[in-house]
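# Reading the structure
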Amino acid sequence: MSLISEADQAKLRAAFGEMTSPVRLMFFTQTLDCETCLQTRQILDELPPLSDKISIEEVNLILEGDKAKQYGIDRAPAIALVGGNGHGMVDSRIRFLGTPAGYEFISLIQAVLLVGGRPAGLSPENRARLAAVNVPVTIQVFTTPT
Amino acid sequence: MAFTSPNITAYAVEATEFPDLARRYQVSGVPKTVVNDSVEILGALPQDAYVVQALSALSAPSAPSAPSATSGQPEDQPKG
């Protein structure tokens with residue numbers, strides 16, 4: 001049984017239908033000591049059936065530690081969004097740590113749509129501010145499911 | 001922001017699942033944004049204010065800074 005109602009599935013399918021490029025959800029997981037990894041995988045598994053542009057790649061945090069490190073992931077469950085740019089798949093540098101349930105699910109969908117080609121919605125002024133960033137910046141946004 | 005700037009990486013962190021991170025960054029309310037471990041933004045802000053505050057981390061010291069002592073508006077109105 002699906003975790004997403006049929007009505008919401010229809011909405012998501014319509015939103016994903018606007019995507020112009022593919023999005024891969026890199027799912028970082030581990031077998032032990034991860035209470036929410038299974039639930040996260042179940043949530044992610046709901047998405048590819050709704051769009052042929054969405055795929056999932058599971059990465060074992062322990063067995064594929066190098067890959068996890070490459071994406072700056074040191075805990076599970078975690079998701080890194082990778083998007084196609086016409087030449088190949090490129091890291092979006094957007095990450096989710098923890099189960100994407102509740103509001104986090106909505107944030108994840110927004111991120112998928114952004115990486116999938118939806119305009120970012122940033123003003124020209126803010127685009128200019130961001131274009132001037134020439135050193136590494138890490139932004140962490142803490143949220144709760146409710 | 002991360003999607004727009006190749007130098008920015010963004011993490012959405014589920015605070016209740018990672019209490020160690022929530023403790024380290026003293027998260028007592030959400031949303032809370034931490035930029036380069038040096039700038040904190042509490043709550044939601046309009047886009048301009050959010051981007052400007054987040055990028056103020058680039059000129060801030062790298063150690064976690066104490067809350068600013070200046071709480072009010074500077075009252076140096078030049079007169080009319």
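Only a predicted model underlies this, so the values are computations on that prediction, with no experimental measurement involved.

Turning our eyes to something else, we now look at the interface of chain B and chain A. Each partner contributes residues to the interface: chain B has 34 residues there, and chain A has 37 residues. Contributions of two or more residues to the side of chain B that touches chain A are made by β1 (8–14), β2 (32–35) and α2 (47–55) of chain B. Of the residues forming the side of chain B that touches chain A, the biggest block, seven residues, is contributed by β1(B). Within the side of chain B that touches chain A, the residues separate by chemical class into 22 nonpolar, eight polar and four charged. Bridge analysis of strand β4 (residues 89–97) of chain A against β1(B) gives four bridges, and the strand direction is parallel. Bridge pairing in β1(B) places Leu97(A) opposite Val13(B).

We now examine unusual backbone geometry. Here the bond from Ala76(A) into Pro77(A) is cis, since omega is 0 degrees, no more than 30 degrees from zero. Mapping Pro77(A) onto the fold places it in the loop between α3 (65–70) and β3 (78–84). Positive phi, close to 65 degrees, is recorded for Arg93(A), a residue that is not glycine. Examined against the element boundaries, Arg93(A) turns out to sit in strand β4. The residue Asn36(B) is not glycine, and still its phi comes out positive at about 50 degrees. Mapped onto the elements, Asn36(B) comes out in the loop between β2 and β3 (39–42). Taking the C-beta count within 10 Å as the criterion, Asn36(B) has 17 such neighbours and is therefore assigned partly exposed.

The next subject is helix α4 (residues 103–115) of chain A. Compared with an ideal rise of 1.5 Å per residue, which puts 13 residues at 18 Å, α4(A) spans 18 Å between its outermost C-alpha atoms and is within 8% of the ideal. Among the residues of α4(A), those classed as buried are Glu104(A), Leu108(A), Ala111(A), Val112(A), Leu114(A) and Val115(A). Summarising the axial view, the buried residues of α4(A) lie within an arc of 160 degrees, below the 170-degree limit, and thus occupy one face. Buried-residue contacts for α4(A) involve β1 (23–29), β2 (54–60), β3, β4 and β5 (137–143) of chain A together with β1 of chain B. Looking one or two residues past α4(A), Gly117(A) carries a phi angle of roughly 125 degrees, positive in sign.

Rules behind the numbers
- Residues numbered from 1 in each chain as written.
- Chains lettered and ligands numbered in written order.
- Predicted model: local features only at pLDDT ≥ 70, side-chain atom pairs only at ≥ 80, totals over all residues.
- Contact = placed C-beta atoms within 7 Å.
- Helix = DSSP H or I, 4+ residues; strand = E, 2+ residues; numbered from the N terminus.
- Nonpolar A, V, L, I, M, F, W, Y, C, P; charged D, E, K, R; others polar.
- Pairing = 2+ DSSP bridges.
- Buried ≥ 20, exposed ≤ 12 C-beta atoms within 10 Å, placed from the backbone.
- Expected span 1.5 Å × (residues − 1).
- Arc of directions from axis to C-beta.

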